[in-house]
Amino acid sequence: MAANRNLKQVRIENSSPAAPLGMVGGSGGGGNLKGLRGLETESEAAAAMALVPSKEGGDEEQEVGFTIDIKSFLKPGEKSYTQRCRLFVGNLPTDITEEDFKRLFERYGEPSEVFINRDRGFGFIRLESRTLAEIAKAELDGTILKSRPLRIRFATHGAALTVKNLSPVVSNELLEQAFSQFGPVERAVVVVDDRGRATGKGFVEFAAKPPARKALERCSDGAFLLTTTPRPVVVEPMEQFDDEDGLPEKLMQKTQQYHKEREQPPRFAQPGTFEFEYASRWKALDEMEKQQREQVDRNIREAKEKLEAEMEAARHEHQLMLMRQDLMRRQEELRRLEELRNQELQKRKQIQLRHEEEHRRREEEMLRQREQEELRRQQEGGFKPNFMDNVNLNKCKHEHSSADHLGFPLETPNKWPQGIVCFPGNSSALEFFLSV
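Here's a quick rundown of the structure.

What counts, and at which threshold
Residues numbered from 1 in each chain as written. Predicted model: local features only at pLDDT ≥ 70, side-chain atom pairs only at ≥ 80, totals over all residues. Heavy atoms only, no water. Helix = DSSP H or I, 4+ residues; strand = E, 2+ residues; numbered from the N terminus. Buried < 20%, exposed > 50% of the residue type's maximum accessible area, 1.4 Å probe, protein only. Contact = heavy atoms within 4.5 Å. Areas by Shrake-Rupley, 256 points an atom, 1.4 Å probe, with all protein chains shown as cover. Pairing = 2+ DSSP bridges. Axes fitted to C-alpha atoms, helices over the stretch in contact; angles between N-to-C directions. Core = buried A, V, L, I, M, F, W, Y, C linked by side-chain atoms within 4.5 Å. Patch = residues over 30% accessible without salt bridge, like charges linked within 9 Å, V, L, I, M, F, W, Y side chains within 5 Å. Salt bridge = Lys/Arg side-chain N within 4 Å of Asp/Glu carboxyl O.

1. Some details on the overall build of the protein
Okay, so step 1: Scanning the protein from terminus to terminus reveals 10 helices and 13 strands.
Okay, so step 2: Looking at the 436 residues of the protein, the share that counts as buried comes to 24%.
Okay, so step 3: Sequence separation of 24 or more characterises 66% of the internal contacts of the protein that already satisfy a separation of 6 or more.
Okay, so step 4: Split by element, the accessible area of the protein, about 31200 Å² in all, is 52% carbon and sulfur.

So, in C-alpha cells, the structure goes:
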C-alpha cells in the first residue's frame, strides 16, 4: 500500500506536555513540516509526506525521523476512547501475553481497553482516537507475528442505533441532545445526501449497551418527538457493514463451491445461449423488484404527504379549539368576577342601609330620651320657666298691647276675654285671631 509506505516514514510518539501540538521537527528538514499540523486523514498525511524530501547524507535514501503528537489526531470536539476507536485483532498466537499485545500498539498511544482470548486467538484494543486506530490498522494489518499474519479490522459497534423519520430541521447536536437522556452518547449524526440535504435518517452511538437498549425499548413502546410536529422517530438496531476492507481474496474460504464457481472467468453472456436466457430472467426479476420498490416508495411518500396535510389541518383545528376554550374560560372568569363585584356592591349597600337605620334609631332614641327627661322634670318640680320662656312671654305681652283699644284690659292675663290666647313670638297669628 502506498499510503502505508508514506505513513511509515513518520514516527508517532507521545510528546511531552511541554512540546507543541502538531509536527515536531527531527533530524533533517524539520522546518518543512510546519504546514502538516492538524492533518486528520491518511490521504492528507500521505500527500503531505510525499512533499517532504528525505535525505540524510550520502546517496542512499533514509526515512525521515519526525515525531507526530498523537493529540493532533483528535478532531475539534471529537471524544476520545470511543467504540469507534476499538480494533479487533484476529489470528493471534495462542501464547501471546497482554504485555506483548500492548507493546504491539504502544506507538499509537495509551490504550483504555485490552482484551485477549488466547484459546480462540483474538483480542480487542481501544485507542484514543479514530485516526490513530485507522493508522494502526493500516500499518499492522497483515504483519507477521510469530509466523502468523494478523487480521485487524474495526470492532462491531454493539451500542449503535439507526434513527428514521427525522424532521429536516433536526441537526447532529439536537439528535445527540435528545438521546442523551438515555445515557452517554459518543456520536450522533444526521445522514445527508451529496448536496448536504437531510435524508430523514441518522444514527446514534452510545458509550454502552444498556442505554442503547433503554432507548430502543422506550422509543418502540412510546412516541418520541424531537420537534414541535408530532412526528415520532423510528429507532432500530443499526446494521453493521464493513465498507472499507470488504472481503479480500486472502480471507476467502476455498470450499468446493468456491472452486466450482471460479471455473469460469468474468464475461458477458452471449445472446441465444443458456446463460443469456437465465441471465435475462434474473434481470427481469431484478427490474420487477425495482419497480415494485419504487411503487411502494411512491405509495409511502403519498401517504406521508397526505398524513402531513391532515396533521396540519388538525393542528389548526386543535389551535382553534384551544382558542375557543380559552375564550370561554375568560368569559366565565369575567362572569364570575362580575358576580363577585355585584355581590360586593350589594353587600356594601346593605351595610350602608344598616348604618342609616342604626343612625335613625339612635336619633329617635335620643329624642325620646329628651322628651322623657323633660316630662320627668315637669312632674318632679312643677313648671319653672326658663330664660327663653320669660323672653317669649314678654314679647307676647308687648305684641298684644294694642288689645287695649278694643276694650280688653291687660292688667292681668286672667282678665282677658275668654278665647284670647297669647302667641309668643308670632304676631301674625295674633293678628289673624283678632281679625276673626
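2. Some thoughts on the sheet that holds strand β5 (residues 113–117)
Within a sheet, neighbouring strands are paired by backbone hydrogen bonds and run either parallel or antiparallel to one another.
Okay, so step 1: Taken in spatial order, the four strands line up as β5-β6-β4-β9 in an open sheet, and their pairing is antiparallel. Taken across any chain shown, the strands that pair with only one partner, and hence form the sheet edges, are β5 and β9 (151–154). Across the sheet, the mean angle separating the axes of adjacent strands is 15 degrees when strand polarity is ignored.
Okay, so step 2: Pairing between strand β4 (residues 86–90) and strand β6 (residues 122–126): five bridges, direction antiparallel. The residue bridging L87 from the neighbouring strand is I125, located in β6.
Okay, so step 3: Relative to the sheet, helix α4 (residues 130–140) contacts β4 and β9, its axis offset from that of β9 by approximately 155 degrees.

3. Considering the nonpolar core
Okay, so step 1: Judged by nonpolar contacts, the single largest core of 21 residues is most densely connected at L175, F179 and F206.
Okay, so step 2: Among the secondary structure elements, those contributing two or more residues to this core are β10 (160–164), α5 (172–179), β11 (185–192), β12 (198–206) and α6 (209–221).
Okay, so step 3: The contacts of L175, once residues within four sequence positions are left out, are V163, L166, V170, A188, V189, V190, F203, V204 and L226.
Okay, so step 4: Within the second largest apolar cluster, 19 residues are counted, among which are L127, I135, A136 and L150.

4. Some words on the sheet that holds β10
Okay, so step 1: A sheet is described by the order of its strands in space; here four strands give the open sequence β11-β12-β10-β13, paired in antiparallel fashion. The open sheet has two edge strands with one neighbour each: β11 and β13 (234–237). This sheet shows a mean twist of 25 degrees between the axes of neighbouring strands, independent of strand direction.
Okay, so step 2: Inspection of the sheet shows β11 paired to β12 by six bridges, in the antiparallel sense. Bridge pairing in β12 places V190 opposite G202.
Okay, so step 3: Where α6 meets the sheet, its contacts fall on β10, β12 and β13, and the angle it forms with β13 comes to roughly 140 degrees.

5. A short note on the side chain of S129
Okay, so step 1: Structurally, S129 can be placed in the loop between β6 and α4.
Okay, so step 2: Judged by relative accessible area, which is 0%, S129 ranks as buried.

6. Describing a nonpolar patch on the surface
Okay, so step 1: Together, F274, Y278, W282, L285 and M288 make up an exposed nonpolar region whose accessible area comes to about 580 Å².
Okay, so step 2: If you trace the backbone, M288 turns up in helix α8 (residues 274–381).

7. Looking at α4
Residues lying three or four places apart along an α-helix face the same way, a consequence of the helix completing one turn every 3.6 residues.
Okay, so step 1: Most of α4 sits inside the fold, with 10 of its 11 residues counted as buried.
Okay, so step 2: Among the residues making up α4, those that are buried are R130, T131, L132, A133, I135, A136, K137, A138, E139 and L140.
Okay, so step 3: Positive phi appears at G142, one or two residues downstream of α4, with a value of about 90 degrees.

8. Comments concerning the environment of R213
Okay, so step 1: Counting through the fold element by element, R213 comes out in helix α6.
Okay, so step 2: Distance from R213 to A160, taken between C-alpha atoms, is 9.7 Å for residues 53 residues apart in sequence.

9. With respect to the pattern of salt bridges
Think of it this way: side chains of opposite charge can pair up when their charged atoms draw near.
Okay, so step 1: For the structure on display, the rule yields 31 salt bridges.
Okay, so step 2: The shortest N-O distance in the salt bridge between E205 and R187 comes to 3.2 Å. Taken as a pair, E205 in strand β12 and R187 in strand β11 lie far apart in primary sequence, 18 residues in all.
Okay, so step 3: Relative accessible area serves as the criterion here: at 26%, R187 is assigned to the partly exposed category.
Okay, so step 4: A salt bridge links E308 to R231; its shortest N-O distance comes to 4.0 Å.

Taken by themselves, the reported measurements are silent on function.
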